[in-house]
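# Commentary on secondary and tertiary structure
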Amino acid sequence: MSTEEKSAAPRSLAEALRVRDDVSLAALLRSRPDLITPVPTDLTQLATRAGTRASVVRALERLDRFALQTAEALAVAPDPASYGGLLALMGGDEEDPAVAAALPRAVALLREQALVWGADDRLRLVRTARELLAPSPQHPSPTGLGPSVREATAGMSPGRIQEILGAVGLPSTHDSVSAVSALGALFADRRRMAGLLAELPEESREVLDRLVWGPPYGQVTHDPAAHLRALLDRGLLLPTAPGTVVLPREVALHLRAGRAHRTPEPVPPAVEAAATHRPQVVDATAAGQALAALATVEELLKEWDEGGPAVLRAGGLSVRDLKRTAVALDVPEPVAAFWVELAYGAGLIASDGEADERYAATPAYDEWRELPPAERWAHLAGTWLTATRTPGVVGGRDAKDRTLSALGPNLDRSAAPEVRHRVLALLAGLPEGASPVEASVLARLRWERPLRGPQQQRETGTGEARDDDLRSRIARWTLSEAELLGVTGRGALAAPGRALIGAPEAPRPAAQAQESEPEGPGDKLPVHHHRMPPAATPPTPAERTAATATAARLLAPLFPDPLDHVLLQADLTAVAPGPLERELADVLGVLADVESKGGATVYRFTPGSVRRALDAGRSAAELHAFLARHSRTPVPQPLTYLIDDVARRHGRLRVGAASAYVRCDDDATLDEILADKRAAALGLRRLAPTVLAAQADPAALLEGLRAIGFAPAAESAAGDVLIARADSHRTPPRAAPEPVPDGPPAPDDTLLAAAIRAVRAGDLASTTPRKPGPGSGDGDSEGGAPGGSLPRTGAAETLATMQAAVLTGEALWIGYVNAEGAASQRVIAPIRVEGGFVTAYDHTADEVRTYPLHRVTGVAELADDAG
């Protein structure tokens, strides 16, 4: 490198950022949004913030495995390292072609994220990243390498170092520094090192083989065996503490054939297809699941229409209430927790906020029920995709060893939306109609985001991810939840699910539609998608709205048309062979009880269900007409008799408030009640031939008489029958829970452009050379701006300098304090000065602005060579 090239090379990360173009800076800020929260004043502050520990840890955690391996190799390489030296560490002496092909991308990614800077012959890992990834006794390197010879011999006596030189056949030196350098050069020389190892006994080489891939530390006694003594004498093992030895890095690299990692992973693992189905079958299966999902959510909300379970003091559902909900929905408890959390996330249920706090449907539920089925599903699916609340952790323990309850706190996992979206994107990359092998999906995700970065890798010592880490568990939950919700069908991504994540619709060849579906899972088909994951920029609200609308449009034709009829049977049941129209479903849900669900729903008519319809204000004639109008079969005689019998007895007894009373025109019925021993608890006594008074309240009296076998009706103070309306209990308007973001939100293009313009302008103001003021030579702070501080000039000098700049057209460096008292530096080109204001082109805002002169703290001329 020539002297001129050396002077042009960046000497710091700030200088490396300074030569970047706006596109490169935008890529950095988009991938690391914490760097502009708030916007830094200049590029020096941006570089400082990019080197802070928290920011570097976050950036390392978002690297893929090969990029992280590249950073780990740079942490054990000389500082600075050349690209050729890095390639040798990554590919070894055999020069793996896959590593050579992937390394430029990895280095470019590290450069883009400001984790590496410098030219290819002087690559530098930022200091904080080196401290995190470099090996130390307390924190082994993920590479398994130990300290270098220089680091391991730092506390060794000069005499002992000279003894090692003699043992390996090197001449003695006059100082320890040159001795250590000579020893390191020997260990790094492949030919001489091979000869040195050939002299060792077999037992000594076996010890080195056990330490070569890490951990590099071992234990020895105060009187080591001969084969260990041979290694210690030659410096192939160096003592680090009493009884502890370490394998020097240079020796380990020779034994590894130059590789920093045992298994470099330059290529992401392929996602394998476990089975293939016709796309039409996948879409039809997903549509059936989507209909079942809507029915399940409606059934859940129907259970909670008049007030659901009580809210725990700490928030959430009790274990007992979750079990009851699971029984009511006929699903396992984890699945019940999923549906409850989905309805909560969609804003359909919430706490009513009353003194006796309970969960109930929200007003938004009534609006949701009026939407077309496909739009209702799209609302649920869109909520699921972006929600950070994770039902899968329900039943686990939090940091304070408390049980995590459904609808309770501490269920948010900020990684959940990213993992869900990425899992579905991997499914979208498979051939259409193919379901994935779960293990291959998990392996791909672990490659794209290794286990939470260096800290947790150090805990394992190897950097290998476990199958029970949070991201893997979320991925498993995603696959099962997507099937429950109808985003996938038979494990393959359906067309509406593809639209939900914004993936392009897969083309369907004409021949594909005629292929027969395989009977079994078939052969596993490896699908080698070596594309990198898309940028982690989340979709905008407008893009999400468009995606859910497209998903609803694709799903709507897959739903069967709602039916306006049922099939009545003589055993007091009705069969709905498909989804019913809203009005029919609502009335039938009151008039009958659901007996079984599936492709066809079976309803059963009972005296209690008929009485429920009569309580809701229906008359017997209306019920007969309703059934005749909506049945494709004749109304069975037993059902007609059931309705007439319940209606004949319904309302003959009237219950009102005295505490409570019962009245009936037939005094024989009242005699029957008084004679019944089961009515003793109600405290009844006759006030008149047709009136009984009770000590119980009206609600308890109603339930007591119904338990005996009567069908009383409640009445108002005016004597009118009170109609029990369904859906009577609603919470006040509630907003759906907001997702908890994983760090600062990603900036949009407008914010990025404004931030880059402000940073460049601030950097220009802080780095542009200024002419020294009249007082700068003797240290007077009223002259120039020593040390880059804000200039301080008097009002007269400021006005004169501004007026002169208008005539000459020169730019000025000013200090300015805005109305909020915030001080800043700006480079401006004055256009005119009048009325106590200066109008100038402001390089900070890249536009013409007007500034009050009394807010300008000082002004300085730029140096003649300022560029």
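The sections below set out a description of the structure shown in this document. (Residues numbered from 1 in each chain as written. Predicted model: local features only at pLDDT ≥ 70, side-chain atom pairs only at ≥ 80, totals over all residues. Heavy atoms only, no water.)

### Some words on the overall build of the chain
- In terms of regular secondary structure, the chain is built from 35 helices and 26 strands.
- Looking at the chain residue by residue over its 867 residues, the buried ones come to 47%.
- Sequence separation of at least 24 residues holds for 67% of the intrachain contacts in the chain that already meet a minimum separation of 6.
- As displayed, the chain offers around 41000 Å² of accessible surface, 54% of which is attributable to carbon and sulfur atoms. (Helix = DSSP H or I, 4+ residues; strand = E, 2+ residues; numbered from the N terminus. Buried < 20%, exposed > 50% of the residue type's maximum accessible area, 1.4 Å probe, protein only. Contact = heavy atoms within 4.5 Å. Areas by Shrake-Rupley, 256 points an atom, 1.4 Å probe, with all protein chains shown as cover.)

### Brief notes about the nonpolar core
- In terms of nonpolar packing, the biggest core is built from 90 residues, with Phe187, Leu236 and Leu237 touching the most fellow members.
- Not counting chain neighbours up to four residues away, the residues in contact with Leu236 comprise Phe187, Met193, Leu196, Leu197, Leu200, Leu208, Leu231, Val246, Leu247, Pro248 and Val251.
- Grouped together as the second largest cluster of nonpolar side chains are 74 residues, Trp339, Val340, Trp477 and Ile501 included. (Core = buried A, V, L, I, M, F, W, Y, C linked by side-chain atoms within 4.5 Å.)

### Let's talk about the packing of helix 22 (residues 416-428) against helix 25 (residues 470-485)
- Helix 25 packs onto helix 22 with a crossing angle of 60° between their chain directions and a minimal axis gap of 9 Å. In this view, helix 22 runs oblique relative to helix 25, as classed from their interaxial angle. The chirality of how helix 22 crosses helix 25 is right-handed. Across the interface between the two elements, Ala416, Glu418, Val419, Arg420, Val423, Leu424 and Leu427 from helix 22 touch Arg471, Ile474, Ala475, Thr478, Leu479, Glu481 and Ala482 from helix 25. (Axes fitted to C-alpha atoms, helices over the stretch in contact; angles between N-to-C directions. Parallel < 35°, antiparallel > 145°, perpendicular 65-115°, else oblique. Left-handed = near helix turned anticlockwise from the far one by under 90°.)

### Here we look at unusual backbone geometry
- With omega at 0°, the peptide bond leading from Thr37 into Pro38 counts as cis.
- Between Asp79 and Pro80 the backbone carries a cis peptide bond, its omega angle lying at 0°.
- The residue Pro80 is located in the loop between helix 6 (65-76) and helix 7 (83-91) in this model.
- Positioned with a positive phi, Leu407 is a non-glycine residue whose angle comes to about 65°.
- Tracing the backbone shows Leu407 in the loop between helix 21 (373-386) and helix 22.
- Accessibility expressed as a relative area gives 7% for Leu407, which makes it buried.
- For Asn410, which is not glycine, the phi torsion reads 65° and is therefore positive.
- Checked against the element boundaries, Asn410 lands in the loop between helix 21 and helix 22.

### A word on the pattern of salt bridges
- For the structure on display, the rule yields 37 salt bridges.
- Here Asp64 ties to Arg105 by a salt bridge, and the two come within 3.3 Å at their closest N and O atoms. You can see Asp64 sitting in the loop between helix 5 (53-61) and helix 6 and its partner Arg105 sitting in helix 8 (residues 97-112), a full 41 residues away along the chain.
- Judged by its relative accessible area of 5%, Asp64 is buried. (Salt bridge = Lys/Arg side-chain N within 4 Å of Asp/Glu carboxyl O.)

### Comments concerning helix 6
- Over its 12 residues, helix 6 extends 17 Å from the first C-alpha to the last, a length consistent with the 16 Å expected when each residue adds 1.5 Å.
- Most of helix 6 is tucked away, with 12 of its 12 residues classed as buried.
- Those residues of helix 6 not exposed but buried are Arg65, Phe66, Ala67, Leu68, Gln69, Thr70, Ala71, Glu72, Ala73, Leu74, Ala75 and Val76. (Expected span 1.5 Å × (residues − 1).)

### Section: the environment of Pro747
- Structurally, the position occupied by Pro747 is in the loop between strand 21 (713-714) and helix 34 (749-767).
- We classify Pro747 as buried; its relative accessible area is 7%.
- Along the primary structure Pro747 and Pro33 are separated by 714 residues, whereas in three dimensions their C-alpha atoms are 6.6 Å apart.

### Topic: the packing of aromatic side chains
- Within the structure shown, the criterion is met by 4 aromatic pairs.
- Ring geometry for Trp304 versus Tyr359: centroids 6.3 Å apart, planes at 25°, classification stacked. Pair noted here: Trp304 is in the loop between helix 17 (279-303) and helix 18 (319-329) and Tyr359 is in strand 8 (residues 359-361), with a separation of 55 residues, a long-range link.
- Given the relative accessible area of 4%, Trp304 is considered buried.
- Take Tyr359: its relative accessible area is 5%, and that puts it in the buried class.
- Consider the rings of Tyr816 and Tyr851, whose centres lie 4.8 Å apart with planes at 65°: the pair is edge-to-face. (Phe/Tyr/Trp six-rings, centres within 6.5 Å; stacked < 30°, edge-to-face > 60°.)

### What to know about the environment of Arg730
- Position of Arg730 relative to the elements: it lies in the loop between strand 21 and helix 34.
- What makes Arg730 buried here is its relative accessible area of 18%.
- Along the primary structure Arg730 and Ile349 are separated by 381 residues, whereas in three dimensions their C-alpha atoms are 9.0 Å apart.
- If near-sequence neighbours (up to four positions away) are discounted, Arg730 is found in contact with Asp305, Ala361, Thr362, Pro363, Tyr365 and Asp366.

### Some thoughts on the sheet that holds strand 13 (residues 567-569)
- Taken together, 4 strands build an open sheet; the order of strands is 13-14-16-15 and the sheet is antiparallel. Pairing within the sheet leaves two strands with one partner each, and these edge strands are strand 13 and strand 15 (593-596). Each strand of the sheet is rotated relative to its neighbour by a mean of 30°, with strand direction disregarded. (Pairing = 2+ DSSP bridges.)

### Some points on the sheet that holds strand 4 (residues 238-241)
- Pairing within the open sheet is antiparallel, and its 3 strands lie in the order 3-5-4. What marks the edges here is a single partner per strand, and that holds for strand 3 (217-219) and strand 4. The sheet shows a mean angle of 40° between the axes of neighbouring strands, direction not considered.
- Judged from the 3 bridges that link them, strand 4 and strand 5 (residues 244-246) form a sheet pairing that is antiparallel.

### Points about the side chain of His650
- Topologically, His650 is positioned in the loop between helix 31 (637-649) and strand 17 (654-656).
- The class for His650 is buried, based on a relative accessible area of 16%.

### A short note on helix 23 (residues 438-448)
- Most of helix 23 is tucked away, with 8 of its 11 residues classed as buried.
- Of the residues making up helix 23, those classed as buried are Ser440, Val441, Leu442, Arg444, Leu445, Arg446, Trp447 and Glu448.
- Contacts made by the buried residues of helix 23 are with helix 6, helix 8, strand 6 (271-276), helix 22, strand 9 (434-436) and helix 25.

### Looking at the packing of helix 7 against helix 8
- At a minimum axis distance of 10 Å, the contact between helix 7 and helix 8 shows a crossing angle of 125°. On the basis of the axis angle, helix 7 is oblique to helix 8. The handedness of the crossing between helix 7 and helix 8 comes out as right-handed. Contact with helix 7, carried on its side by Tyr83, Leu86, Leu87, Met90 and Gly91, involves Val99, Ala100, Leu103, Pro104 and Val107 of helix 8 and no other residues of that element.

### So, the pairing of strand 24 (residues 837-842)
- In terms of strand pairing, strand 23 (residues 823-834) meets strand 24 through 6 bridges, oriented antiparallel. When the sheet's bridge partners are listed, Ile828 is paired in strand 24 with Asp842.
- Between the end of strand 23 and the start of strand 24, which pair antiparallel, lie 2 residues, with Gly835 showing a positive phi angle near 60°.
- The sheet contact formed by strand 24 and strand 25 (residues 847-852) spans 6 bridges and is antiparallel. Counted as the bridge partner of Val838 is Tyr851 from strand 25.

### Notes on the environment of Arg612
- For Arg612, the location among the structural elements is in helix 29 (residues 607-615).
- Between the C-alpha atoms of Arg612 and Val590, which are 22 residues apart in sequence, the distance is 6.4 Å.
- At a separation of 3.3 Å, a polar atom in the side chain of Arg612 contacts the main-chain carbonyl oxygen of Ala592. (Polar contact = N/O pair within 3.5 Å; in protein donor to acceptor, adjacent residues only side chain to side chain.)

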